[in-house]
Amino acid sequence: MTANPLAPPWLAVPDDANDLPRAVWPSSSARTDSGELTLGGVAASELLAQFGSPLYVVDEADARGRARTVREAFERASTRIGTDVTVYYAGKAFLCAAVAEWMTDEGLSIDVCSAGEFAVALAAGVTPARIGYHGNNKSLAEIDSAVENGVGAIVIDSAIEVERVAATAARHGVVQSVRLRVNSGVHAHTHDFLATAHEDQKFGVTLDDAPTLVASIRSYPSLRFLGLHCHIGSQIFGADGFSESAARLLGVHATLLEGGDIPELNLGGGFGIAYTTADDPTSIDLLADQIADIVAAECARLGIAVPHLAFEPGRLIIGPSGVTLYTVGTIKPVSVGDAVRTYVSVDGGMSDNVRPALYGADYSVRLANRVSAADPALVRVAGKHCESGDIVVHADYLPGDVEPGDLLAVPVTGAYCWSMSSNYNYLGRPPVVAVVDREARLIMRGETVDDLLARDPGVGRQTRKAPLVATH
Ligand SMILES: *Cc1c(COP(=O)(O)O)cnc(C)c1O
C-alpha cells in the first residue's frame, strides 16, 4: 500500500496495523487469540467495563522494571568512575500514592515541587529525607512544611529563597540541606542542544552568580550546601547536552570547593523516550556511561574528587508504562485535495492528554478490542472538546474498518498526561488503574460530574426558573 500523501514523512504504512511494537508498548501488552489487547493480562474491554471509558492504565511491572533498570544504569556508571548516585523519580510526571510506593520500593528517591506533591509523597509513606523539593516560587508555607517535615533537600532557585529557607530552618532549629539550581546556559530537546552564556528563562541562577549565592548559603549556620543542580530540558535523546552542562557545572563546582566541602552534583532529568516508532532515544545505559565519562574526565582535568551524583528522571520511568484506552464515538472522512484523512473522535481528548495541543507531541494508536485485516487508513484521533487543536494522535494508520464503538489504545501516556489533565468542558478526569498479574487495581479514582458540581457553591441554591417561552 502506498502512503497517504497527508501522512507526515516519518510515518510509514505499517505492514500490520494491529502490531504492538516493543518500542512503544509496555512489556505486558499482548493480544488474545481473538485479537483483543491485554495489559498486565487484563483485556481492554474488561478494563473499560469495570472502570469506564476513557481510562488510564499503568503496567505496574513495567514501571517498576524501568525504575530498577534506570537506577541500576546510573549505579553501574557511577561505580565505574568511583562514586555513587541517588536517582530521584520526578513526581510531576505522574504521582499518586501507589507510584510513590513503587518508586521507593525500587530504590529511588522522589522529587516534588509543590505542597500537593509533597503531601502525596508523605501520605505514601516516603521517608522525608528521601524527598527533594523544587520550584522557582515555593510559598513560605511550602518551605515551612518542607523544613518542619524533615525534607531531604530543598533546591534553592533564587537569592530570595536563600534567606527564606535559612530563616525557616533557623526558626525550626534545624540545619537544612540545600542545592542551588543553576542555569548552565545549555538547553536541550530531542536531537538538539543550544549552549549560550545563560538562558533567558525563569529557573535557576546564572553560573556567574552562583559563587555569590553559595557564599551566602554558606554564611547561614542553618543551611548546609549540598551542591549545584541543573535541569537542561526534556525529551533529550543524546548525551551531548548533559555533557556540556556537566562540564560547565564542574568548572564552577571546582572553584566553589575553595570555600568548603561540596558533597554532590545533581544533573537533573529530561531523558527522552520513544513516543512513536520513529523516535530513537539513546539507551539509558549508554547515556549514563557517557555522562559518567565526562564527569570523570572533567574532575580529573580539574584535579578534584568525583562528587556523589544525582539524577531526576520522570518521563523515562513512567511514560512508556502508561496506555490510555478510549471508545470511538464518531468517524468522519475529510477530503484534502485528492486525499482523505479519517477523523476518529474519542470520548476524551486534550483534558486527559494535553501534550499534542501544548507541544505538538506525536503519539500512535491501535485498535484495542479486535484486530482487523482491513487495509490501513490514515487517521487523526480527535477528542471531544470544543477546540480544533483537541487532537490525541495527529497521524497514524488504523485498519480502515474502524467503527463507532471500537476501543482504541494510545501508548506512552504514563507521563505528563494525568498530571497535566484538566476539567475542560467539565469532563471529569479519567481514573487510573494499575495492571499486573491479570489484576487491575484502581490507583486514582476518576471524577464524576457530581464531583465537579460539588465544588460549585452556587449549585443547588436556585429553584428551577420557568421557561421564557411557553413550550406548549
Ligand atoms: C521536569 C523536571 C524533571 C523531570 O523531567 P523528565 O523530562 O520527566 O525526566 C527533573 N528535574 C526537574 C528540576 C524538572 O523540572
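Residues numbered from 1 in each chain as written. Predicted model: local features only at pLDDT ≥ 70, side-chain atom pairs only at ≥ 80, totals over all residues. Heavy atoms only, no water.

(A) Molecular detail of the site of the ligand. As a structural note, the neighbourhood of the ligand is formed by 15 residues, with Lys92, Gly270, Glu312, Arg315 and Tyr416 the closest of them. In the model, an oxygen atom of the ligand is placed 2.6 Å from a nitrogen or oxygen of the lysine 92 side chain. Contacts to the ligand include glycine 270, whose backbone N or O atom sits 2.8 Å from an oxygen atom. A molecule is said to occupy a pocket when more than half its atoms come within 2 Å of that pocket's grid points, and by this definition the ligand occupies the largest pocket. By residue class, the composition of the shell around the ligand is four nonpolar, seven polar and four charged. (Near = heavy atom within 4 Å. Polar contact = N/O pair within 3.5 Å; in protein donor to acceptor, adjacent residues only side chain to side chain. 1 Å grid on protein atoms, 1.4 Å probe; cavity = no way out; pocket = protein on both sides within 12 Å on 5 of 7 lines; lining within 4 Å. Sits in = over half its atoms within 2 Å of the grid points. Nonpolar A, V, L, I, M, F, W, Y, C, P; charged D, E, K, R; others polar.)

(B) Molecular detail of the nonpolar core. Tyr89, Met103, Leu180, Leu228, Ile318, Leu325 and Leu408 are the most contacted members of the largest nonpolar core, which totals 127 residues. In this structure, this core is formed jointly by two domains, domain 1 (30–59 + 320–451) and domain 2 (81–313), each of which donates at least three residues. Core analysis: the next-biggest nonpolar cluster, separate from the first, contains eight residues, Leu6, Ala7, Val13 and Ala395 among them. (Core = buried A, V, L, I, M, F, W, Y, C linked by side-chain atoms within 4.5 Å. Buried < 20%, exposed > 50% of the residue type's maximum accessible area, 1.4 Å probe, protein only. Domains from an automatic or database assignment.)

(C) How the structure looks around the domain arrangement of the protein. Under the domain assignment used here, the protein contains domain 1 (30–59 + 320–451) and domain 2 (81–313). Here the C-alpha centre of domain 2 lies 34 Å away from the C-alpha centre of domain 1. At the interface, 17 residues of domain 1 touch twelve residues of domain 2. Taken together, both faces of the contact between domain 1 and domain 2 bury some 1,200 Å²; the carbon and sulfur share is 71%. When residues of domain 1 are sorted by the area they lose upon contact with domain 2, Val412, Tyr416 and Ile443 head the list and together hold 33% of the total. (Contact = heavy atoms within 4.5 Å. Buried area = accessible area lost by both parts, 1.4 Å probe.)

(D) Region of the structure containing empty space enclosed by the protein. In total, this model carries three cavities of 30 Å³ or more according to the counting rule given. In terms of lining residues, the largest cavity is bounded by Tyr56, Val57, Val58, Phe94, Gly322, Val323, Thr324, Thr413, Gly414, Trp418 and Val432. Mapped onto the lining of the largest cavity, the elements with two or more residues apiece are strand 4 (55–59) and strand 17 (322–336). Counted by class, the lining of the largest cavity contains seven nonpolar, four polar and no charged residues. The volume enclosed by the second largest cavity comes to roughly 50 Å³. Arg181, Val182, Asn183, Ser184, Val186, Glu199, Gln201, Phe203, Cys230, His231 and Ile232 are the residues that line the second largest cavity. Per-element tally for the lining of the second largest cavity: the top contributor is strand 9 (residues 176–183), with three residues. Of the residues assigned to the lining of the second largest cavity, the class counts are five nonpolar, four polar and two charged. (Points joined across faces, edges and corners; volume = space filled by probe spheres on them. Helix = DSSP H or I, 4+ residues; strand = E, 2+ residues; numbered from the N terminus.)

(E) Structural detail: helix 5 (residues 140–148). Of all the positions in helix 5, only Glu142, Ile143, Asp144, Ala146 and Val147 are classed as buried. Note on helix 5: the residue one or two positions beyond its end, glycine 150, has a positive phi of about 75°.

(F) Looking closely at the packing of helix 2 (residues 60–80) against helix 9 (residues 284–302). In the contact formed by helix 2 and helix 9, the axes pass within 9 Å of each other and the chain directions differ by 30°. With respect to helix 9, the element helix 2 is oriented roughly parallel. Along this stretch, helix 2 crosses helix 9, giving a crossing that reads as right-handed. Across the interface between the two elements, Val70, Ala73, Phe74, Arg76, Ala77 and Arg80 from helix 2 touch Ile284, Asp285, Ala288, Asp289, Ala292 and Asp293 from helix 9. (Axes fitted to C-alpha atoms, helices over the stretch in contact; angles between N-to-C directions. Parallel < 35°, antiparallel > 145°, perpendicular 65-115°, else oblique. Left-handed = near helix turned anticlockwise from the far one by under 90°.)

(G) A look at unusual backbone geometry. Proline 54 follows serine 53 through a cis peptide bond whose omega is -5°. In this structure, proline 54 sits in the loop between helix 1 (44–51) and strand 4. With a phi angle near 60°, tyrosine 426 is a residue other than glycine that sits in the positive phi range.

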